[in-house]
Amino acid sequence: MVNEEIAEEELEEEESEDEEEDEEEEESEDEEEEESENEEESDDDEKEKTLFVKRSVKTYIKSKGCHTAKSVVQSDKLNDLIKEILDKACDRAQANTRRTVMLYDL
């Protein structure tokens with residue numbers, strides 16, 4: 001009985017160590033991606049700035065139980081969608097003779 005409990009504890013420890021290793025690998029991959037993206041942005045001055053934090057997008061998607069493909073945060077699609085929403089909000093504020101975008105403009 002005691003041997004079974006010890007074996008279970010060892011299995012739990014191994015599983016938690018594996019999870020920690022996976023998290024560390026994912027963090028290092030994220031850091032490498034960010035470094036390469038920063039280099040790309042500095043090389044290309046004409047490239048538009050990203051309007052979202054890539055790590056936050058990945059974290060949110062992960063919290064929903066999904067994985068994030070690199071293309072989600074590297075393509076311009078998400079950035080374009082955000083711009084579209086903000087452009088509409090600006091148009092609505094201006095149509096109402098305001099220069100301040102309010103929450104309800106979104």
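Scroll up a little and you will see the structure.
Things to note about the environment of S63
At step 1: Of note, S63 is situated in helix α2 (residues 54-63).
At step 2: Within the structure, S63 has its side chain in polar contact with the backbone oxygen of Y60 (distance 2.6 Å).

A closer look at unusual backbone geometry
At step 1: Unlike most non-glycine residues, T97 shows phi in positive territory, near 55 degrees.
At step 2: Residue T97 is classed as exposed on the basis of its relative accessible area, which comes to 76%.

Details of the side chain of D105
At step 1: Locating D105 in the fold gives a position in the segment after α4 (77-95).
At step 2: Looking at D105, its side chain comes within polar contact range of the side chain of R92, at 2.8 Å.

Observations regarding the pattern of salt bridges
At step 1: Taken as a whole and judged by the stated rule, the model has three salt bridges.
At step 2: The shortest N-O distance in the salt bridge between D105 and R92 comes to 2.8 Å. Taken as a pair, D105 in the segment after α4 and R92 in helix α4 lie far apart in primary sequence, 13 residues in all.
At step 3: Under the relative-accessibility criterion, D105 is labelled buried at 5%.
At step 4: You can call R92 partly exposed: its relative accessible area is 38%.
At step 5: Several salt bridges converge on common partners, so that one network encompasses R92, R98 and D105.

Some details on the side chain of N79
At step 1: Summarising the element assignment, N79 is placed in helix α4.
At step 2: The residues contacting N79, other than those within four sequence positions of it, are K49, T50, L51 and F52.

Observations concerning α4
At step 1: Its 19 residues place the ends of α4 27 Å apart at the C-alpha level, agreeing with the 27 Å of an ideal helix rising 1.5 Å per residue.
At step 2: Listing the buried residues of α4 in full gives N79, A89 and A93. The buried side chains of α4 occupy one side of the element, clustering within an arc of 95 degrees when seen end-on. α4 presents K77, K88 and A95 as exposed residues on the side facing more than 90 degrees away from its buried surface.
At step 3: Once α4 finishes, T97 follows within two positions and takes phi at roughly 55 degrees, a positive value.

What counts and what doesn't
Residues numbered from 1 in each chain as written. Predicted model: local features only at pLDDT ≥ 70, side-chain atom pairs only at ≥ 80, totals over all residues. Heavy atoms only, no water. Helix = DSSP H or I, 4+ residues; strand = E, 2+ residues; numbered from the N terminus. Polar contact = N/O pair within 3.5 Å; in protein donor to acceptor, adjacent residues only side chain to side chain. Buried < 20%, exposed > 50% of the residue type's maximum accessible area, 1.4 Å probe, protein only. Salt bridge = Lys/Arg side-chain N within 4 Å of Asp/Glu carboxyl O. Contact = heavy atoms within 4.5 Å. Expected span 1.5 Å × (residues − 1). Arc of directions from axis to C-beta.

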